[in-house]
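One letter stands for each residue in the lines below.
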Amino acid sequence: MCMPTNKKPEASTLVSSVGDASSSSAAILANNAYNNSTRPTKDETKHIKAVTSTHSDHVRNSNYDLLWFLGPALICYALNTSIAPIYAIGIARIISTRLTLTLHYLFFDKDNYLNKLPQKQLEREGDDYLVGTVLHMYAQIPLQLLFPAMFFSDLSVIGISAKRALISHILLVEPLYYFAHRWLHIPENMKSMHGFHHLSISTLPSTSLVQNFNEHFVYIAVFGPAFFAPFVLYGEMHWTIIGAYLVLFDLINAYGHMNIKYRHPIFTSKYSPFQYLFYTPEFHLGHHAFFRANYALFMPIWDHMFGSWREYKKTDTDKLLPADQQDFVFIGHNAGLAHFLTCPEWDVYA
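These numbers come from a predicted model, not from an experiment.

Draft legend 1. Up close: the packing of aromatic side chains. In total, this model carries 28 aromatic pairs according to the counting rule given. Taken together, a centroid distance of 5.3 Å and an interplanar angle of 85° make the contact between Y178 and F179 edge-to-face. According to the relative accessible area criterion, F179 is partly exposed, its value standing at 43%. Residues Y255 and F278 carry aromatic rings whose centres are separated by 5.9 Å and whose planes lie at 15° to one another, so their mutual orientation is stacked. On the criterion of sequence distance, the pair formed by Y255 in helix α13 (residues 239-256) and F278 in the loop between α15 (274-277) and α16 (281-290) is long-range, its members being 23 residues apart. Its relative accessible area of 27% is what places F278 among the partly exposed residues. The ring centre of Y234 lies 3.7 Å from the NZ or CZ of R164, which sits over that ring. Above the face of the F290 ring, R310 is positioned so that its terminal group lies 3.9 Å from the ring centre.

The following block contains the structure:
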């Protein structure tokens, strides 16, 4: 599951970034996700074609995903280390991700009616959104062997370890991510890594997990201090806290990619501290629109401090007909379990 492959399509099917409705600068300006008063100008998007074209032909071979998922079990058996924490964390993250996608589909954008995500994006994200989760399962194996106390300390440390992880996230992960994210936006790094994530202009919750393969290692280094730093300082941590942190991280990251409007004054008023301490989906949509703004992870204060914050408002879709009044209706026959597993409520990519 973790190894990407890039095969060059035949000439007749080759699609440049200009032809890919999910990634071209023209699409960014025309996309219904962008409000006329805040959408980027042509000058602001002229660099996007060069960045995204590097990744627009990416295709990953997903035929061996199950084998990649089972790989950690064989390695743990060979190295005589515990398999339970690795799969407990991995499966919990997969379930939470799938549940988030289902709820987003049911309650926010049923049948892809509001955001009109292109099929190419759905196929790309369907192939790649679990790569990072499985890669982290492999990364956990050497950490368990090298630092067993980081995973298997006494259960009594769980409560205090949770507090330490939260503090480490705020003091270490948030600033590290901000500067790493800006580094990823250097043109060379965008072309080699981060541009793959930015192929998705209108986002899904799973867009938060879709990265270039090499970029996942950057994020392991950036997010790891949330639990590695407390372990170094205090010599104790527990795998349940690491798992809870990763699941919660995935959920909050997915929230930022939900492509919805949420404008409660507690997050939008300049007098509210939450405007600086916790982001909204529109804040991160602004990053996908402008590329060079709103770099912060979950705390916009870093963009306010370094002058990269920019207001962004998703366009109103209130004038559209309700989703249940669409002109096109798909009717299918029930074919048992196989049919159920391809229903969009279960698998939005099917």
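The discussion continues.
Draft legend 2. Structural view of a nonpolar patch on the surface. On the surface, a cluster of nonpolar side chains totalling about 540 Å² of accessible area is made up of L166, I167, I170, L171, L172 and L176. By secondary structure assignment, the location of L166 is in helix α9 (residues 158-184). We classify L166 as exposed; its relative accessible area is 53%.

Draft legend 3. Geometry of the pattern of salt bridges. Tallied over the entire structure, the rule returns 4 salt bridges. Linking D250 and R93 is a salt bridge whose minimum nitrogen-to-oxygen distance equals 2.7 Å. Here R93 lies in helix α5 (residues 84-107) and D250 lies in helix α13, a separation of 157 residues in the sequence. For the pair D250 and R93, one class covers both residues: buried.

Draft legend 4. Structural view of the packing of α9 against helix α11 (residues 215-223). Across the interface, α9 lies against α11 with an axial gap of 9 Å and an inter-helix angle of 155°. The orientation of α9 relative to α11 falls into the category roughly antiparallel. α11 is crossed by α9, and the crossing has right-handed handedness. Of α11, the residues touching α9 (which contributes V173, L176, Y177, A180, W183 and L184) are E215, V218, Y219, V222 and F223. In terms of residue class, the contact of α9 with α11 is built from 10 nonpolar, no polar and 1 charged.

Draft legend 5. Quick peek at the environment of H257. When you line up the elements, H257 lands in the loop between α13 and α14 (265-268). With 24 residues separating them in the primary sequence, H257 and P281 have C-alpha atoms 5.9 Å apart. Sequence-distant contacts of H257, defined by excluding residues within four places in its chain, comprise H197, T203, L204, P205, T207, S208, H284 and H288. A distance of 2.9 Å separates a polar atom in the side chain of H257 from the backbone oxygen of N253.

Draft legend 6. Inspection of unusual backbone geometry at higher detail. Non-glycine residue N80 carries a positive phi angle of around 60°. In this fold, N80 is placed in the loop between α4 (65-79) and α5. Not every positive phi belongs to a glycine, and N294 is a case in point at roughly 55°. With respect to the helices, strands and loops of the structure, N294 is situated in the loop between α16 and α17 (301-306). A relative accessible area of 0% means that N294 is categorised as buried.

Draft legend 7. Expanded view of the nonpolar core. With 32 residues, the main nonpolar core has F223, M237, I242, Y245 and L297 as its most contacted residues. Setting aside chain neighbours within four positions, we find I242 in contact with I89, M150, F151, F227 and M237. In terms of nonpolar packing, the next biggest core, distinct from the first, is built from 18 residues, I94, I141, L199 and L209 among them.

Draft legend 8. Geometry of the side chain of D303. Here D303 lies in helix α17. No salt bridge is formed by the buried D303; its nearest oppositely charged neighbour, R182, is found at 6.1 Å. With near-sequence residues (within four places) excluded, D303 lies in contact with Y178, F283, N294, Y295, A296, S308 and W309.

Procedures and definitions
- As a convention, each chain's residues are numbered from 1 in the sequence order in which they are written.
- With the structure being a predicted model, the display of local features is reserved for residues of pLDDT at least 70 and the display and counting of side-chain atom pairs for 80 or more, all residues being used for whole-chain, interface and lining totals.
- To obtain the side-chain values, all non-hydrogen atoms of the structure were included, while hydrogens and water were left out.
- Stacked, tilted and edge-to-face are the three classes assigned to paired rings of Phe, Tyr and Trp, where Trp is represented by its six-membered ring and a pair needs centres within 6.5 Å; plane angles under 30 degrees give stacked, over 60 edge-to-face, the rest tilted.
- Type-normalised accessible area, obtained with a 1.4 Å probe on protein chains alone, sets the label of each residue: buried when under 20%, exposed when over 50%, and partly exposed for intermediate values.
- Here a helix means four or more residues in a row that DSSP labels H or I, a strand means two or more in a row labelled E, and each is numbered from the N terminus.
- A ring has a charge above it when a Lys NZ or an Arg CZ is no more than 6 Å from the ring centre and no more than 35 degrees off the ring normal.
- The patch calculation keeps residues exceeding 30% relative accessible area without a salt bridge and links them within 9 Å when they carry like charges or within 5 Å when they are nonpolar (Val, Leu, Ile, Met, Phe, Trp, Tyr).
- Under the convention used here, a 1.4 Å probe and the Shrake-Rupley method define accessible areas, while residue burial counts only the protein chains that appear.
- Within this document, salt bridges are pairs made up of a side-chain nitrogen of Lys or Arg and a carboxyl oxygen of Asp or Glu, the two lying within 4 Å of each other.
- Axis definition: a line fitted to C-alpha atoms, over the contacting stretch in the case of helices. Angles run 0 to 180 degrees between N-to-C directions.
- Under this scheme an angle from 65 to 115 degrees is roughly perpendicular, one under 35 degrees roughly parallel, and one over 145 degrees roughly antiparallel; angles in between are oblique.
- A clockwise turn of the near helix away from the far one marks a right-handed crossing, whereas an anticlockwise turn of less than a right angle marks a left-handed crossing.
- Whether two residues are in contact is decided by their heavy atoms, any of which lying within 4.5 Å being enough.
- Gly is put with the polar residues, along with every residue not named as nonpolar or charged; the nonpolar set is Ala, Val, Leu, Ile, Met, Phe, Trp, Tyr, Cys and Pro, and the charged set is Asp, Glu, Lys and Arg.
- The definition of a polar contact used here is a pair of N or O atoms within 3.5 Å, where within protein one atom must be able to donate a hydrogen and the other to accept one, and adjacent residues in sequence count solely through side-chain atom pairs.
- Note on terminology: a nonpolar core comprises buried Ala, Val, Leu, Ile, Met, Phe, Trp, Tyr and Cys residues joined through side-chain atoms within 4.5 Å.
- Positive charges come from Lys and Arg, negative ones from Asp and Glu, while His and the chain ends are left out of the count.

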